[in-house]
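# Structural overview
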Amino acid sequence: MGIQQLPLGALPELGISFIRVQWVDLTNIVRYRVLPLSYFYRLLQSDPPGLTVTKSAIGLVFDSTIEGLGPVGEYMYAVDLTSLRVCTYAPGHASVLGFFKAKTPIGKEVDVPMCPRTTLQRIIRHAEEKLHVKFLVGTETEFILLKSTRPPVPVNDKGWCVSAALMTGAVETQVLEEIAVALSEARIELQVFHSEAASGQYEVATGPLPPLEAADALVHTRETIYNIAHKHGLRATLAPRLHKDKYGSGAHVHISVKRMSDSPPPLVLFDGPPLNTMEAQFLAGLLEHLPALMAFTLPLPQSYGRMVDGMHAGGTWVCWGVDNREAPIRLTNEISPKSRNFEIKTIDGTSNPHLVLAGILAAGSIGIRDELKLTHENCANGRTAAEMTEEERATMGIRKRLPLNVEMARKYLLEDEKVKGLLGDDMVRTFIQVNEALGKAIKPDTENKDVNETRLVETY
């Protein structure tokens, strides 16, 4: 299962005049350079086919550079034609992603360890070649449509799945329908869209893809949402939570874990949860390393305003449960081995999709590699972990809380040697350095709340 590569020769017939050579930096800002199609064709004849970019391109924080990622020195950004996709939200444009490479003599390619897309590709290959495991990933994108950003004002005050949130002729209905058409024309499977619980909030869910394609498709999905909203005079924001009395916006992913076709079938745990051995090991690794992953999945100080108990966001305890939306990891479709998957809820839209999946798959792969035993019980007895006593949680193997702020998440990540070992020490330390600068730049301003909210929604 995957997206068929778009033929290069078809671009003129599709009316494409411009190519956006695109990347997502360590602050989750989408950046691109626009090339006329004729020059893009010439670029493909170079070795490697790509552009030179300043090192700051990989982690620029509001126009401030980070040590080691400044104006001195360059990377090569080599395009990956498998990611070529028509920008149906921008007539005449197509986009392509790539990989950051070190500038080396012609004929030699050296990966840049801080490249998020390269990191994800490496984790996928490790899982396939060493563990004989493959993954499929589906995504959910929650966002709020704003008719003003100064201050942020939602386009309506409707609620979860109510018909009044999608009235015929309403601007929000036009936006959602155009998003749906644009994603379909971009060869991304849209499964459903609907209004969510907060004012002016909506969700689009897209179908399963191999992890690298899923991350690429999520980048395109977000760009589609932003641009079509802007076309109609609105601002779409993925900000984690705008109001304390309203639900926040998440970016949940659904991951299924399968053996490669040429490997032995997995064993089934008849006396445990509805998981086979490999799935249980993946889940055990994910639970063990989840606190460290949150530096990637919840990268802003504001991200932790959504992750509170009682808000259907996954709560604050390291646990899992069948169809438990107050657990950070929810097992869905548990009785069906074909469609069973893990929903990870501790993610929001301010996170870099490639880094999120790299971290999650690395943690799960560690569980499979080390044959970790699942010691957490299924938290699906009608009570959430937050509602249990300390003794009750202990009997279910729930002993650890998730980080309650981004500083604590960074600390967990720096201390997690196994995750750093798979992701790479250079990647982790560079990300932490960039993330610390980002946190200082966008930290909540208690004295000027409106300015802080405006900057957040206009950035994400």
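Look up: the structure comes first, before these words.
Reference entry: report on the structure contained in this document.

Rules of the game
- Residues numbered from 1 in each chain as written.
- Predicted model: local features only at pLDDT ≥ 70, side-chain atom pairs only at ≥ 80, totals over all residues.
- Heavy atoms only, no water.
- Helix = DSSP H or I, 4+ residues; strand = E, 2+ residues; numbered from the N terminus.
- Rg over C-alpha atoms; globule rule 2.2 N^0.38 Å.
- Buried < 20%, exposed > 50% of the residue type's maximum accessible area, 1.4 Å probe, protein only.
- Contact = heavy atoms within 4.5 Å.
- Areas by Shrake-Rupley, 256 points an atom, 1.4 Å probe, with all protein chains shown as cover.
- Lys, Arg positive; Asp, Glu negative; His and termini not counted.
- Charge placed at Lys NZ, Arg CZ, Asp CG, Glu CD.
- Disulfide = S-S within 2.5 Å.
- Pairing = 2+ DSSP bridges.
- Axes fitted to C-alpha atoms, helices over the stretch in contact; angles between N-to-C directions.
- Patch = residues over 30% accessible without salt bridge, like charges linked within 9 Å, V, L, I, M, F, W, Y side chains within 5 Å.
- Salt bridge = Lys/Arg side-chain N within 4 Å of Asp/Glu carboxyl O.
- Expected span 1.5 Å × (residues − 1).
- Polar contact = N/O pair within 3.5 Å; in protein donor to acceptor, adjacent residues only side chain to side chain.

The subject of this paragraph is the overall build of the protein chain. Across its full length, the protein chain holds 11 helices and 16 strands. Relative to the globule expectation of 23 Å for 460 residues, the C-alpha radius of gyration of the protein chain, 22 Å, shows essentially globular dimensions. If you line up the protein chain on its principal axes, its C-alpha atoms span 65 × 50 × 40 Å. Each of the 460 residues in the protein chain was classed as buried or not, and the buried ones make up 57%. The contacts of the protein chain with a sequence gap of at least 6 include a subset with a gap of at least 24, amounting to 68%. Summed over all atoms, the accessible surface of the protein chain reaches about 19,500 Å², with 52% contributed by carbon and sulfur. Treating the 48 positive side-chain charges of the protein chain as one cloud and the 54 negative ones as another, the clouds have centres 3 Å apart.

Moving on, we come to the state of the cysteines. Under the definition given, this model contains zero disulfides. The cysteine C319 is free of any disulfide, with C379 supplying the nearest cysteine sulfur at 4.6 Å. With relative accessibility at 1%, the residue C319 sits in the buried group. Under the relative-accessibility criterion, C379 is labelled buried at 1%.

This paragraph deals with the sheet that holds strand 3 (residues 50-54). Read across the sheet, three strands follow the order 3-4-7 without closing on themselves; strand pairing throughout is antiparallel. Of all strands in the sheet, those bounded by a partner on one side alone are strand 3 and strand 7 (98-102). Taking each pair of neighbouring strands and ignoring which way they run, the sheet shows an average axis angle of 35°. With five bridges joining them, strand 3 and strand 4 (residues 74-79) adopt antiparallel strand pairing. Bridging across to strand 4, G50 finds its partner in A78.

A few words on the sheet that holds strand 2 (residues 30-36). An order of 2-1-6-5 is seen for the four strands of this open sheet, with the pairing classed as mixed. Looking along the sheet, the strands with just one partner apiece sit at the ends: strand 2 and strand 5 (85-86). Direction of pairing for strand 5 relative to strand 6 (residues 93-96): antiparallel, over a ladder of two bridges. What sits directly across from V86, in strand 6, is A94.

On the surface, F18, Y32 and V34 cluster together to form a nonpolar patch covering roughly 250 Å² of accessible area. Mapped onto the fold, Y32 is located in strand 2.

For the rest of this paragraph, the subject is helix 6 (residues 353-369). Between its first and last C-alpha atoms helix 6 spans 24 Å; for 17 residues at 1.5 Å apiece the expected length is 24 Å, and the two agree. Counting buried residues in helix 6 gives 16 out of 17 residues, a clear majority hidden from the surface. The N-cap residue of helix 6 is N352: its side-chain oxygen and the backbone nitrogen of H354 are 2.9 Å apart. Phi turns positive one or two residues past the end of helix 6, at E371, with a value near 50°.

Side chains that differ in sign of charge can pair as their charged atoms come close. Taken as a whole and judged by the stated rule, the model has 20 salt bridges. Residues D157 and K158 are paired through a salt bridge, measuring 3.7 Å at the closest nitrogen-oxygen approach. Assessed through its relative accessible area of 31%, K158 is described here as partly exposed. Where R330 meets D323, a salt bridge forms, and the shortest distance between an N and an O atom there is 2.9 Å. With a relative accessible area of 8%, R330 lands in the buried category. Residue classification places D323 among the partly exposed residues on the basis of a relative accessible area of 41%. Beyond isolated ion pairs, a larger network of salt bridges with shared partners links D323, R330, E343 and K345.

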